[in-house]
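Structural characterization, general
Spelled out, the chains give:
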Amino acid sequence: MANTKVELNELFAIPPVTELTPDVLTELLSILRLHSISPQELSYKWESYSMKMGSEQTKLDLETTRAFKKDLQEMLEREARGKAHVRSVDKRGAYATPRSTGKGDDVFGMLDSIVPNTPVPQRANGSIKRKSAFETPAVPKFNRADGMSSPSDARSNGTQSVTFSERQNAGQVVETLNDHLSVCEAPVAPPAESRIKLTANTDLKKFSYKPMAMHLSEASEVLDDRIDEFQLLVQAHHNLEDSAFGNASNQATSEIIAVGRITSESIEGKLNASSLMLETSRRTGAGLRIPLKVESLSYEFFPGQIVALRGINASGLYFSVNEVLEMPLLPPAASLPSTLDVLNERLGMDQESSHSANHAVNVLVSAGPYTADDNLAFEPLNALCEKAAESYADIFILVGPILDLEHPLLASGDFDLPDDGSIEPDKATLNDVFRILIGKPLRTLAAQVPNITIILVPSVRDAVNKHVSWPQEPFDKKVLGLPRQAKVVTNPVTVSLNEIVVGISAQDVLDDLRREEVKVGKPKENSILSRLPRHLIQQRHFSPLYPPADRKNLLKTGTEEGVATGMPLDVSYLKLGEWLNVRPDMLITPSALSPFAKVVESVLVVNPGPLSKRKGPGTYAQLSIYPRTVTEEERELEQAEGTMVGHRLFDRARVDIIRI
């Protein structure tokens, strides 16, 4: 009991508070006993509950703890009722008589327009759409005459949605990093020329591969090569001899270092400390797997993680780990002082002057979805485009999904397009939908701010990207009607914005890691929002999790099936997700976790959060990036020795997470 209380205090007490109040602690212990779960699992459920309710408004006190307890109980009851319903349907069989779904409803829709009190669904153009037998009630649509307006009676799952125009706390700053820096000042007029030099550090052509054509031999070679490459990195970093390494699956009495991939002994179920196994490469261990004994460690593991373990296999049955060796990090990004001087001149700053707010680069970062589940009005996107136009943003980054496959209306195909003379409604494609609903506000923005740089990153959930697997090729700019200022890039991608190296991936790898991570002993980093990005930095990869999280375990979608898209992974091209040469200055990783901006291992990590939640508005990130000031000493060192200087973006960038 004492150990449980200590663990609850470590997981739930927010510094500077180190202990929970007795009444809250009593309620949490009651939940543990009632549901027979561990404190760690309870903390995950609390994080999910906080995200659902709004983490910035959910404080752990007696009232919220009881509400959390009630919510858990109701969730378990719903799951029990659902399982009971499935069992009853199975017993009735496929030929069971259809039942009425509500008071006054007929079974086959035969009473439509016959019984006076029967509601008749009206289409936007005045025609009647007749219900077919066994048809799921259509999700509400937005008015065809006014394609940019939300339905007044829009409902989702029986809950009244808040219309976008009636949203609360619009423009509220949720979180700020480096608040000692001022928000960049909008110029009086748009700049005469672009202040941003955009360079792709990723070979975009390599992403135009043929998906769904993976060969097992190629995939196995890619997985093996990753283990062998890390062994060379570990050997060089720790100055080890070849004889220090060995095969963890071989019985031996001497201590060795084994490099391999973390995996689970079972295909199904979550990884835990007792199911940890090390998978070796064919070169170092014939591809064999060996169980791991890690009771003496304090470390975090996840499937697909490449680790270097020091230990011994005395019995031949398992590898007893004494130490996990530190993985070498990539060097930080750096540039020559003369290059920085030239780039600073683009921002209107000379060598003698000091930087000010009007020299700062204005960057807006958003992530999908971009509209609520009950409409395709894309009001949050339109509002953000207006914000970008008003502030004369230098860079506008849109991370997918943009036209979301998991949107109920797109999934059902039951929606109307706004009037557009360039297309025939009966012949419209999803490319036309994108061009009208997404391309139009972007074209308007580009006309208002001619020198803005718009970057579009696709997602595996985007309906207009033919690449169904990760890594993904860019959008087809021509057919989507995007403006000249729009730059389509791959998923993932590494680009340079002036000197700043930025890594972007649309995959929600942070939430997947949260679900799959197993902690042994006391974690070195208590903050999950700092710990998860560190995995990406240490593994030098945008998505080091392998295999990807089971989509059945992901959050349910608003579609009829309710199953998430997940992450279709083409293992043969997994190398396209690796980081090359340097650590990025900034890492943009959109996630269902609470939006945040943190500095992890000198990398500025930004999760802007979704611009639109399923039933309401979301958040975006605004960055004010000041120029990198170059000293005379740094210029002299360049002339004498050609020394480069670090960018130190984390010191000169203000990040605001803002409600749309």
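Once a new chain begins, its residue numbering starts again from 1 and follows that chain's sequence as written. Note on the predicted model: pLDDT of at least 70 is required for a residue's local features to be given, and 80 or more for side-chain atom pairs to be given and counted; whole-chain, interface and lining totals, by contrast, use all residues. Heavy atoms from the whole structure form the basis of all side-chain values; hydrogens and water molecules are not counted.

**As for the overall build of the chain**
A run of H or I in DSSP counts as a helix once it spans at least four residues, and a run of E counts as a strand once it spans at least two, with each numbered from the N terminus. Along the chain, the regular secondary structure elements total 14 helices and 24 strands. Counting every position in the chain, which comprises 660 residues, the buried fraction comes to 50%. Areas reported here follow the Shrake-Rupley algorithm with a probe of radius 1.4 Å; residue values treat only the protein chains shown as occluding. Within the structure as shown, the chain displays about 32,300 Å² of accessible surface, and the carbon and sulfur contribution to it stands at 51%. Note on classification: 1.4 Å probe, protein chains only; a residue is buried when its accessible area is under 20% of the maximum for its type, exposed when over 50%, partly exposed between these limits.

**A short note on the environment of Phe302**
Mapped onto the secondary structure, Phe302 falls in the loop between strand S8 (299-301) and strand S9 (306-312). A sequence separation of 39 residues divides Phe302 from Thr263, and the C-alpha atoms of the two residues are 7.7 Å apart. Setting aside residues up to four positions removed in sequence, Phe302 forms contacts with Ile262, Leu271, Leu513, Glu516, Glu517, His535, Gln539, Pro544 and Leu545. Contacts: residue pairs with any heavy atoms within 4.5 Å of one another.

**A look at the sheet that holds strand S6 (residues 276-279)**
We call two strands paired when DSSP finds no fewer than two bridges between them. Sheet architecture is closed into a barrel: five strands sit in the order S5-S6-S7-S10-S9, paired in mixed fashion. This sheet shows a mean twist of 60 degrees between the axes of neighbouring strands, independent of strand direction. Here S9 pairs with strand S10 (residues 319-324) via four bridges, running antiparallel. Residue Arg310 lies in a different strand from S10, and its bridge partner there is Glu323. Axis definition: a line fit to C-alpha positions, over the contact stretch in the case of helices; interaxial angles, taken between N-to-C directions, run 0 to 180 degrees. Lying over the sheet, helix H5 (residues 216-238) contacts strand S5 (256-264), S6 and S9, oriented at roughly 145 degrees with respect to S5.

**Observations regarding the nonpolar core**
The nonpolar side chains of a soluble globular protein tend to be buried, and buried together. Counting 43 residues, the largest nonpolar core has Phe396, Phe434, Leu445 and Leu456 as its most contacted members. Those elements that provide at least two residues to this core are helix H8 (379-390), strand S13 (395-399), helix H9 (408-412), helix H10 (430-448), strand S14 (453-457) and strand S15 (486-488). The element that contributes the greatest number of residues to this core is H10, accounting for seven residues. Those residues within four positions of Phe396 in sequence are excluded, and the remaining contacts are Leu364, Ser366, Leu384, Cys385, Leu442, Leu445, Ile452, Thr453, Ile454 and Ile455. What is meant by a nonpolar core is a set of buried Ala, Val, Leu, Ile, Met, Phe, Trp, Tyr and Cys residues, joined one to another through side-chain atoms within 4.5 Å. Grouped together as the second largest cluster of nonpolar side chains are 32 residues, Val361, Val399, Val502 and Leu604 included.

**So, the sheet that holds strand S3 (residues 173-177)**
Ordered by their spatial adjacency, seven strands build an open sheet running S3-S24-S22-S12-S13-S14-S15, and the pairing between neighbours is mixed. The open sheet has two free edges, formed respectively by S3 and S15, since each of these has just one partner strand. Across this sheet, the average inter-strand angle for adjacent strands is 20 degrees, counted without regard to direction. Along the sheet, H8 contacts strand S12 (361-367), S13 and strand S22 (619-625); its crossing angle with S12, the most-contacted strand, is approximately 175 degrees. Strands in contact with H10 are S13 and S14; relative to S14, the strand with the most contacts, it is inclined by about 155 degrees.

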